[in-house]
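Listed below, chain by chain, are the residues.
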Amino acid sequence: MQARPSAPLIPTLHVADIELPRELEALYELAYNLWWSWTPEARQLFASIDPRSWARYRNPVQLLINVEPKHWYALLEDEGFLRRYQRVVQELDDYLACRGGTWFARQQFEGQDGAPGQMGLSAYVSMEYGLHESLAIYSGGLGILSGDHCKSASDLGLPFVAVGLLYRRGYFQQTIDAEGIQQHIYPEYDFSRLPLRPIASATGRDVRVQVALPGRDVVVKLWLAQVGRVPLVLLDTDLPENDPSDRPITNQLYVRGREMRLVQEYVLGVGAAKALEAIGVTPAMWHINEGHSAFLQLERLRAMVATRIDVAQAEEQLQASTAFTTHTPVPAGNEQFDPGLVDKYAAAISEAAGLDRHRLQAWGRARPEDDSFNLTALAIRTASLTNGVSRLNAEVASEMWGHLFREKAPHATGEGAIGSATDSAQPIYPITNGIHTKSWLGMELRELFEDHLGRDWSALLLEADGLSQVDDIPDEALWRAHLAQKARLGAFTRSRLRHQLARHGKSPDELRAVDGWFDDRALTIGFARRFATYKRANLLFSDRDRLRALLTDPSRPVQILFAGKAHPADRPGQSLIRNIVELSHSERLTGSIHFLENYDMRMGRMLVQGTDVWLNTPRRPLEASGTSGMKAAANGALNLSILDGWWPEGFDGQNGWAIGGDGDSNLDDDAQDAADAAALYRLLEDEVLPGYYDQDAAGVPRAWVARMKHAIKTLTGAFSADRMVRDYVERAYVPCSGRRSQPSSVA
Ligand SMILES: *Cc1c(COP(=O)(O)O)cnc(C)c1O
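How each quantity is defined
Residues numbered from 1 in each chain as written. Predicted model: local features only at pLDDT ≥ 70, side-chain atom pairs only at ≥ 80, totals over all residues. Heavy atoms only, no water. Helix = DSSP H or I, 4+ residues; strand = E, 2+ residues; numbered from the N terminus. Rg over C-alpha atoms; globule rule 2.2 N^0.38 Å. Buried < 20%, exposed > 50% of the residue type's maximum accessible area, 1.4 Å probe, protein only. Contact = heavy atoms within 4.5 Å. Areas by Shrake-Rupley, 256 points an atom, 1.4 Å probe, with all protein chains shown as cover. Near = heavy atom within 4 Å. Polar contact = N/O pair within 3.5 Å; in protein donor to acceptor, adjacent residues only side chain to side chain. Domains from an automatic or database assignment. Buried area = accessible area lost by both parts, 1.4 Å probe. pLDDT = per-residue confidence, 0-100. Salt bridge = Lys/Arg side-chain N within 4 Å of Asp/Glu carboxyl O.

A.B. asks: Describe the overall build of the protein, with residues and values.
C.D. replies: Along the protein, the regular secondary structure elements total 26 helices and 22 strands. The C-alpha radius of gyration of the protein comes to 26 Å, within 12% of the 27 Å expected for a compact globule of 747 residues. Viewed in the frame of its principal axes, the protein has a C-alpha envelope of about 80 × 70 × 55 Å. Taken over 747 residues, the protein has a buried fraction of 61%. Intrachain contacts of the protein at a sequence separation of at least 6 include 75% that bridge at least 24 residues. Here the protein has roughly 28,200 Å² of accessible surface; of this, 47% comes from carbon and sulfur atoms.

A.B. asks: Can you tell me about the site of the ligand, naming the residues and giving the values?
C.D. replies: Around the ligand, the surrounding shell holds 13 residues, and the nearest of these are Trp440, Gly626, Thr627, Ser628 and Lys631. Between the ligand and serine 628 there is a distance of 2.5 Å, counted from an oxygen atom to a side-chain nitrogen or oxygen. A distance of 2.6 Å separates an oxygen atom of the ligand from a polar side-chain atom of lysine 631. Compared with its free state, where it exposes 390 Å², the ligand has 94% of that area covered by protein.

A.B. asks: I'd like to hear about the domain arrangement of the protein, residue by residue, with values.
C.D. replies: Split by domain assignment, the protein resolves into domain 1 (22–96), domain 2 (122–434 + 726–737) and domain 3 (472–660 + 668–717). Each of domain 1 and domain 2 has a C-alpha centre, and the two are 34 Å apart. Taken together, the 19 residues of domain 1 in the interface contact 19 residues of domain 2. When domain 1 packs against domain 2, the two sides together hide about 1,600 Å² of surface, and 54% of this comes from carbon and sulfur.

A.B. asks: Hey, could you go over the confidence of the model for the protein for me, with residue numbers and the actual values?
C.D. replies: With 96% of its residues at a pLDDT of at least 70, the protein reaches an overall mean of 93. Note on residues 410–421: pLDDT is under 50 here. Beyond four places in sequence and across chains, it has 20 contacts.

A.B. asks: Provide a residue-level description of the pattern of salt bridges, including the pertinent values.
C.D. replies: Using the criterion set out here, one finds 44 salt bridges in the structure. The partner of arginine 169 in a salt bridge is glutamate 188, with the nearest N and O atoms 2.8 Å apart. Taken together, the residues span a long stretch of sequence, with arginine 169 in the loop between β4 (160–165) and β5 (173–176) and glutamate 188 in the loop between β6 (182–185) and β7 (197–198) at a distance of 19 residues. On the basis of relative accessibility, which here comes to 55%, the residue glutamate 188 falls in the exposed class. Its salt-bridge partner being arginine 548, residue aspartate 545 comes within 3.7 Å of it at the nearest N-O pair. Of this pair, aspartate 545 and arginine 548 both sit in helix α19 (residues 544–551), separated by 3 residues, roughly a single helical turn.

A.B. asks: Quick rundown of helix α2 (residues 40–49)? Include the residues and the values.
C.D. replies: All of the buried residues in α2 are Pro40, Ala42, Leu45, Phe46, Ala47 and Ile49. Buried residues along α2 sit in contact with α1 (27–31), α3 (51–57), α4 (60–66), α5 (69–76), α6 (79–96) and α16 (443–453).

This is the structure in structure tokens:
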């Protein structure tokens, strides 16, 4: 394949036992490039090689390993298959070579004082990446966002490299027992069967770097997940040469023990800088995506000081070339550690970076009176730009963290390029999250987009009113496409419920009853998210009688699908799940409320593509952005949501519904819950149900379909990851890669 002009090309070793006939050799590169995860023709090609293996593993590397050699001979005789193979291989080749140009290549950026700007290589560091369900190195929203960010960075042609951890056991898989109690399963992944390869050194060995821990070095092996044009470097400590107690550092996401969590984040941060250095990749700027990876800054500073530049200048340079994104106002999301622990691990590196213990601790102190080390504070202090992930979130974050900016204001205000970012009223500016549209759009909707907007419809996402031609889609065609996606959700739901109930020991008759569940014509409401208590999954249940009346009117049936995991340590979240499961089993609601276990990206796609209404009921303003509602909107589902996170920016009165108002409320939590629940019921009773069931003789709800079109038009481009990544380029990557240090110091 052709060299790519933008992102670095990183060589890898072979690991998997895959033997391909020469004529089909390109399947190898195809399987190892996660480009297939957002390219339906590529997935169909793999599925057609072995439909059962595809259905079972959804992983082309595993699929190719399993193919019997004689099966290839049959495929080599199949002209249709060969044609499709050629087409997909050509398409990937064109993509990697940027034939037809990219958005990035067409840009001219403005730098400081009106001079031409430029964007060098940007390095992105995140604790998790949600790229595809077969690569379980994500737990939820943050990971999905990082994955979508990489995919759009690839599509837009950015010079971009990402770094994360490779978890041997990933995040837990969830099952729910018959009593509604969440069980945690941690499968062990065999990396040689995943779309991952070890990174190769110039001498053809695998590349390892060392991260110093007290009294020992931990060895870190580097793997590559290729995401279109973007390389994602993944760090793995599960190696025989490591101390047995260090091997599990990269075992599971968000490990519970505080010291192990610190070591995990330390290895992510310090390891990220060492990894890119080891493979000869030199970023012009770094993007710290959430505080977990902030220890990165200590290693970068150490490396700069080691080249004998002046410490103050090194600090300047560090700050100038760093952008930071904060993702949550919830305290648990802002990582804090005991200062003694941080000292234990980070004192040596800090000293080498010219930073004494006292200053290191000061960098991590969120407030003068605090006796803890806060990674968000460290990141803000060592970055020149900090953004939040929605307008509302940026306001809230500015209030939480504004004092840190006042402290560094003399430095920051000297820089024209920062612009509004240094507005002292709101030092944390918004770049609202977005989704990688191609990854979340259902097949039927995608075909309609291709027919009515053109094959290159995704280029329209960056244009104002780019999707206006959605109006030309006939109502019947849009409704039919939606019903097809909904029918797929129905089949998926029944199959999952049958498995769940069989595991609970239900009788054959009880299992057969599942065949009658999920009515493709019934109003279907989806609610899938992490079961953190602030998301208030139970808001809908606050008035059981009113809910029952809503759900069980035979002339206007409603079904609600719930899915989501609670963190293993979050007991209140787990008891919310239990309540919903119990309700779904209660006699009079059976068949209208379902809990689907083990929410993952595949289930997420099914839900956002097939539901009519996407429900979101967080306690304002704790939902920093939320992205699942954006996925639903692109598919024509209507959001029914509290005005929190992205929704105050998205909602225009016509493209969904707002539960409650957007003013500051001084109600206490209970009163707020009651007010929001009342507003939710009223909307369901007065607007949502009547709207959905107002269907013409052909069964098409005309006014509803008009709302669907309006939602697709107004929300798909504005909340796409393409738009988000463009904003990062303009507001963070260009300013941080062009900026030279200025004479003053950090904090
Ligand atoms: C989109 C997605 C999320 C994040 O959705 P929120 O709206 O932020 O809760 C989490 N998990 C999965 C599997 C997703 O697809």
